[in-house]
Amino acid sequence: MAPEMVAWLEKKIGPPSKVLSSLKDVKNFVKDHEVAIVGFFSEAGDDSYEKYNLACLDYDDYGVHYPVAVTTDKEASEHYEVKDRIVLFKKFDERKVVYEGELETQQIRDFITENSLPIVIEFNHENAQKMFKKPNDGKSHLLVFHNKSSETYQEEIKMMSKVGKEFKQTVLFTSVDVEEEDHRRMVEFLGVRHRINNDTYPTMRIVTMKDSSPPVRFRPEDTAVTEENVREFVSKYVAGEIGRDYFTEPLPKDWDSKPAKYLTAENFQSLILDSPSKPSLVMWYAPWCGHCKNMMSEWNTMGELFPDYVVGKIDATVNEIPGLPEVHSFPTIKLYRTDGTEAEYNGERTVQGLTRFIKTDGLYGMAAPDQPVNHDEL
């Protein structure tokens, strides 16, 4: 039987926490694990002891089973200078963290989750589960994008650890290896490198992800990863002095040369939203979306048929409009009326269907509120 399976079974059928009878047992337990949690109590079975064991019972930190133990050995308590306390030991950063809060199950578990992560977190699947879950979900994330094989990598990690200590309660410092194939999609999604931007590595962003909402990005004026820049960037972010980053595709010179106008975040606000002179029919698309590609010829036809409308298309992967929800399903087709209202189309993707949509002022084929629309998903 695999060692992992044996450990899992022992955890399930054994006591919630391993009983350590002596100082030697505690030292060995701490030495044998990267992260170890030990409860130091005066007497087995007392209220504090039982509350600790209750928190340890079936505790699973998003797939990670931290080694938890308990001792009532007086010599051990004196050696570690704690009494009726829970201590998290780790082989990195501050090495020893004492829990000072109430002995409530969720608070104890949150303490373990929060303090088991190093000041500089290496981004991977296992750590990502903990970075974006309670209680860490309330924190922001400084992501440094760099190459793990570069000569400067270790110095960058050392610097991040130094600065990260100053912001540990509010911002998690995270190292993202750009050479990892699994990370390249994130690099593009966060705008570090895509068709309208090409940062030089190492570079950085701050990201927040709260209430299951899409990530909100913040970008410094100077993306160079130096101690001065990192500290200034995070300090200004925490102070609320940095606005969120919006993707803005440069407006091509020939944006209005075809019947279907080419829209970007540069001209969308003025043409579509701010006191428009005529209504607009806009397709939010993604370059990789097959349905979108198939509609491009129909879209130019719609521009020819309806000169009294702004018929336009906008690449939603590289354009974000302040105040409008992000688009993640493609194609998303919307009618923007001159009174500021709008309607989303969910009918057949044909000139005939779109014509009826316009002539009924958005009633024909209108997507039902809060109902899923049959799009390609991002």
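Preceding this section is the structure that the text describes.
Values in this document were obtained by computation on a predicted structure and should not be read as measured data.

### What to know about the sheet that holds strand β1 (residues 18–20)
The strands that make up a sheet pair up through hydrogen bonds in the backbone, lying either parallel or antiparallel.
For step 1, the next point in the chain: Sheet architecture is open: 5 strands sit in the order β1-β3-β2-β4-β5, paired in mixed fashion. This sheet does not close on itself; its edge strands, each paired only once, are β1 and β5 (96–99). Pairwise comparison of adjacent strand axes, ignoring direction, gives a mean angle of 25° for this sheet.
For step 2, the next point in the chain: Taken strand by strand, helix α2 (residues 23–31) contacts β1, β2 (35–40), β3 (68–71) and β4 (85–90), and its axis lies near 155° from that of β2.
For step 3, the next point in the chain: Packed onto the sheet, helix α3 (residues 47–56) meets β1, β2, β3 and β4 and runs at close to 170° relative to β3.

### A few points about the environment of Glu 342
For step 1, the next point in the chain: Relative to the helices and strands, Glu 342 is located in strand β18 (residues 342–345).
For step 2, the next point in the chain: By relative accessible area, Glu 342 is classed as partly exposed at 37%.
For step 3, the next point in the chain: As a C-alpha pair, Glu 342 and Asp 361 span 19 residues in sequence and 9.6 Å in three-dimensional space.
For step 4, the next point in the chain: When near neighbours in sequence (up to four residues on either side) are disregarded, Glu 342 contacts Lys 334, Leu 335, Tyr 336 and Arg 337.

### Quick look at the pattern of salt bridges
For step 1, the next point in the chain: Applying the stated criterion across every chain yields a total of 21 salt bridges.
For step 2, the next point in the chain: Across the salt bridge formed by Arg 85 and Glu 100, the nearest N and O atoms sit 3.1 Å from each other. In this pair, Arg 85 sits in strand β4 while Glu 100 sits in the loop between β5 and α5 (105–116), placing the two residues 15 residues apart along the sequence.
For step 3, the next point in the chain: With relative accessibility at 57%, the residue Glu 100 sits in the exposed group.
For step 4, the next point in the chain: With its nearest N and O atoms 3.1 Å apart, the salt bridge here joins Glu 249 to Arg 195. Remark: Arg 195 occurs in the loop between β9 (193–194) and β10 (197–198) and Glu 249 occurs in the loop between α9 (227–238) and β13 (261–263); sequence separation between them is 54 residues.
For step 5, the next point in the chain: In this structure Glu 249 comes out as buried when scored by relative accessible area, which is 6%.
For step 6, the next point in the chain: Here Arg 195 falls in the partly exposed class, since its relative accessible area comes to 49%.
For step 7, the next point in the chain: Here the salt bridges do not stand alone but share partners, grouping Arg 217, Arg 244, Asp 245, Glu 320 and Glu 326 into one network.

### Things to note about empty space enclosed by the protein
For step 1, the next point in the chain: The tally for this structure, following the rule as stated, stands at 1 cavity of 30 Å³ or more.
For step 2, the next point in the chain: A volume near 70 Å³ is recorded for the largest cavity.
For step 3, the next point in the chain: Lining the largest cavity we find Glu 114, Leu 117, Pro 118, Ile 119, Ile 121, Lys 139, Gly 164, Lys 168, Val 171, Leu 172 and Phe 173.
For step 4, the next point in the chain: It is strand β8 (residues 171–177) that contributes the most residues to the lining of the largest cavity, 3 residues altogether.
For step 5, the next point in the chain: Class assignment for the residues of the lining of the largest cavity results in 7 nonpolar, 1 polar and 3 charged.

Thresholds applied
- Residues numbered from 1 in each chain as written.
- Predicted model: local features only at pLDDT ≥ 70, side-chain atom pairs only at ≥ 80, totals over all residues.
- Heavy atoms only, no water.
- Pairing = 2+ DSSP bridges.
- Helix = DSSP H or I, 4+ residues; strand = E, 2+ residues; numbered from the N terminus.
- Axes fitted to C-alpha atoms, helices over the stretch in contact; angles between N-to-C directions.
- Contact = heavy atoms within 4.5 Å.
- Buried < 20%, exposed > 50% of the residue type's maximum accessible area, 1.4 Å probe, protein only.
- Salt bridge = Lys/Arg side-chain N within 4 Å of Asp/Glu carboxyl O.
- 1 Å grid on protein atoms, 1.4 Å probe; cavity = no way out; pocket = protein on both sides within 12 Å on 5 of 7 lines; lining within 4 Å.
- Points joined across faces, edges and corners; volume = space filled by probe spheres on them.
- Nonpolar A, V, L, I, M, F, W, Y, C, P; charged D, E, K, R; others polar.

Function cannot be inferred from these measures alone, as they are strictly geometric.
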